[in-house]
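# Structural overview for review
For reference, the chains in residue letters:
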Amino acid sequence: MTTTPVKRPSWTTWDAPTERWLLSGFCRDGKQRTMLLELVARIAFPTVLVLSIYLLFAGHDRAGGGFSGGLVAGQAFVLRYLAGGRMDDSAIVSMRPPVLIGLGLTIATASAFLPLLFGGELLETAIYKFAVPPLGEIKFVTSVLLDSGVFLLIVGVVLDLLRTLGSGIEADVDAAERGQR
């Protein structure tokens, strides 16, 4: 009677993810990845982004706003980058960072100068209240447009820093492994 030997994973691949939802789209070798960090990043990333959106909209009444919300969102992207590297497809925003920076700067500048067209002052804020039957009264403050522009600007800057600095660091590591440095 013969027995089939049980195939055991080698010590270098024992922690490789076997479930598809754990994979980041680009598997780095076992020396450069941490399974626990990848898992925590996948769980924490959406939660931190929701917190950043909350900070964005709560900024005109309480602590927060576009700058702090953008920094929190940027930290979520830094966490994703640390966990999955620059090739992590799920952490890459479909817009290029310079486009986000330009869009944020345009929105912030336009919302600052828009009151001048209506006889107001630079950076003047207006409050609009309207009733929506299932939700009740909703208050819209025009300063949230400025905060949204700042939010996009900060997220774009963080993504651009990750793209430029991170790719340089990874290129240096690859060159060192090939013995070029």
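Residues numbered from 1 in each chain as written. Predicted model: local features only at pLDDT ≥ 70, side-chain atom pairs only at ≥ 80, totals over all residues. Heavy atoms only, no water.

## Examining the UniProt feature "transmembrane region" (unreviewed entry) in the chain
This is how the line gets drawn: UniProt positions are given in the numbering used here, feature names are shortened, and annotations may be inferred rather than shown by experiment. Secondary structure elements are defined from DSSP: runs of H or I of at least 4 residues count as helices, runs of E of at least 2 residues count as strands, and each element is numbered from the N terminus.
As annotated by UniProt and renumbered to match this structure, "transmembrane region" (unreviewed entry) occupies residues 39-57, 63-83, 95-118 and 138-159. Along residues 63-83, the helical share is 86% and the strand share 0%, with 30 Å between the first and last C-alpha atoms. End C-alpha to end C-alpha, residues 138-159 measures 33 Å, and it is 77% helix and 18% strand.

## A closer look at the nonpolar core
Formally: The term nonpolar core refers to a set of buried residues drawn from Ala, Val, Leu, Ile, Met, Phe, Trp, Tyr and Cys, joined through side-chain atoms within 4.5 Å. Relative accessible area decides the class of each residue, using a 1.4 Å probe on protein chains only: under 20% of the type maximum gives buried, over 50% gives exposed, and in between gives partly exposed. Should any heavy atoms of two residues lie within 4.5 Å, those residues are considered in contact.
F45, L56, A73, A76, F77, Y81, L100, F151, V155, V158, L159 and L162 form the largest nonpolar core, which has 12 residues in total. Considering each element in turn, this core owes the most residues, 5 residues, to helix α4 (residues 143-178). Residues within four places of L56 in sequence aside, it is in contact with G65, G66, V144, D147, S148 and F151.

## Overview of helix α1 (residues 35-58)
Operational definition: Expected span, for any helix, means 1.5 Å times one less than how many residues it has. To obtain the bend at a residue, axes are fitted to the seven residues ending there and to the seven starting there, and the angle between these axes is taken.
The end-to-end C-alpha separation of α1 is 35 Å, in line with the 34 Å expected for 24 residues at 1.5 Å each. The largest bend in α1 is about 35°, located at A44, with the proline P46 one to four residues further on.

## Here's the deal with helix α2 (residues 66-84)
Taking 1.5 Å as the rise per residue, α2 with 19 residues should run 27 Å; its terminal C-alpha atoms sit 27 Å apart, in good agreement. Buried within α2 are the following residues: G66, G69, G70, A73, G74, A76, F77, R80, Y81, A83 and G84.

## A short note on the environment of L51
Its location among the elements puts L51 in helix α1. Each C-alpha atom of the pair L51 and V72 lies 7.7 Å from the other, and the pair is 21 residues apart in sequence.

## Concerning the packing of aromatic side chains
Stated precisely, the cut-off is as follows: Note on aromatic contacts: the rings of Phe and Tyr and the six-membered ring of Trp form a pair at centre separations within 6.5 Å, being stacked when their planes are under 30 degrees apart, edge-to-face when over 60 apart, and tilted otherwise. We call a charge positioned above a ring when the Lys NZ or Arg CZ atom is no farther than 6 Å from the ring centre and deviates by at most 35 degrees from the ring normal.
According to the stated counting rule, one finds 1 aromatic pair in the structure shown. Here the aromatic rings of F45 and F77 are separated by 5.3 Å at their centres, their planes lie at 75°, and the arrangement is edge-to-face. On the criterion of sequence distance, the pair formed by F45 in helix α1 and F77 in helix α2 is long-range, its members being 32 residues apart. Look at F45 and you get buried, because its relative accessible area is 12%. Positioned above the aromatic ring of F45, the side-chain terminus of R80 is 5.3 Å from the ring centre.

## So, the pattern of salt bridges
Rule in force here: A pairing counts as a salt bridge when a side-chain nitrogen of Lys or Arg comes within 4 Å of a carboxyl oxygen of Asp or Glu.
Counting across every chain of the model gives 1 salt bridge. The closest approach of N and O atoms between R163 and D160, which form a salt bridge, is 2.8 Å. Of this pair, R163 and D160 both sit in helix α4, separated by 3 residues, roughly a single helical turn. Under the relative-accessibility criterion, R163 is labelled partly exposed at 38%.

## Considerations on the packing of α1 against α2
The condition is simple: Interaxial angle, 0 to 180 degrees, is taken between N-to-C directions of lines fitted to C-alpha atoms, where a helix line uses only the stretch in contact. Here roughly perpendicular refers to angles of 65 to 115 degrees, roughly parallel to angles under 35, roughly antiparallel to angles over 145, and oblique to all remaining angles. Side-chain classes follow a simple rule in which Ala, Val, Leu, Ile, Met, Phe, Trp, Tyr, Cys and Pro form the nonpolar group, Asp, Glu, Lys and Arg form the charged group, and the remainder, Gly included, forms the polar group.
Here α1 crosses α2 at 170°, and the two axes come no closer than 8 Å. As summarised for this structure, α1 and α2 are arranged roughly antiparallel, according to the angle between their axes. Contacts from L37, E38, A41, R42, A44, F45, V48, L49, L51, S52, L55 and L56 of α1 reach α2 at G66, S68, G69, V72, A73, A76, F77, L79, R80, L82 and A83. Of the residues in the contact of α1 with α2, the class split is 16 nonpolar, 4 polar and 3 charged.

## A look at the side chain of S52
Filter applied, for reference: Two N or O atoms form a polar contact when they lie within 3.5 Å of each other; inside protein one atom must be a possible hydrogen donor and the other a possible acceptor, and for residues adjacent in sequence the pair counts only when both atoms belong to side chains.
Secondary-structure assignment places S52 in helix α1. Using a relative accessible area of 0% as the deciding quantity, one classes S52 as buried. Here L49 takes part through its backbone oxygen, which lies 2.7 Å from a polar atom of the side chain of S52.

## Points about a nonpolar patch on the surface
Applied cut-off: Patches draw on residues past 30% relative accessible area with no salt bridge. Two like charges within 9 Å are joined, as are two nonpolar side chains (Val, Leu, Ile, Met, Phe, Trp, Tyr) within 5 Å. Surface exposure here means Shrake-Rupley accessible area, sampled with a 1.4 Å probe, where a residue is shielded only by the protein chains that are shown.
Residues F113, L116, L122 and L123 make up a contiguous nonpolar surface patch of roughly 390 Å² in combined accessible area. Accessibility expressed as a relative area gives 45% for F113, which makes it partly exposed.

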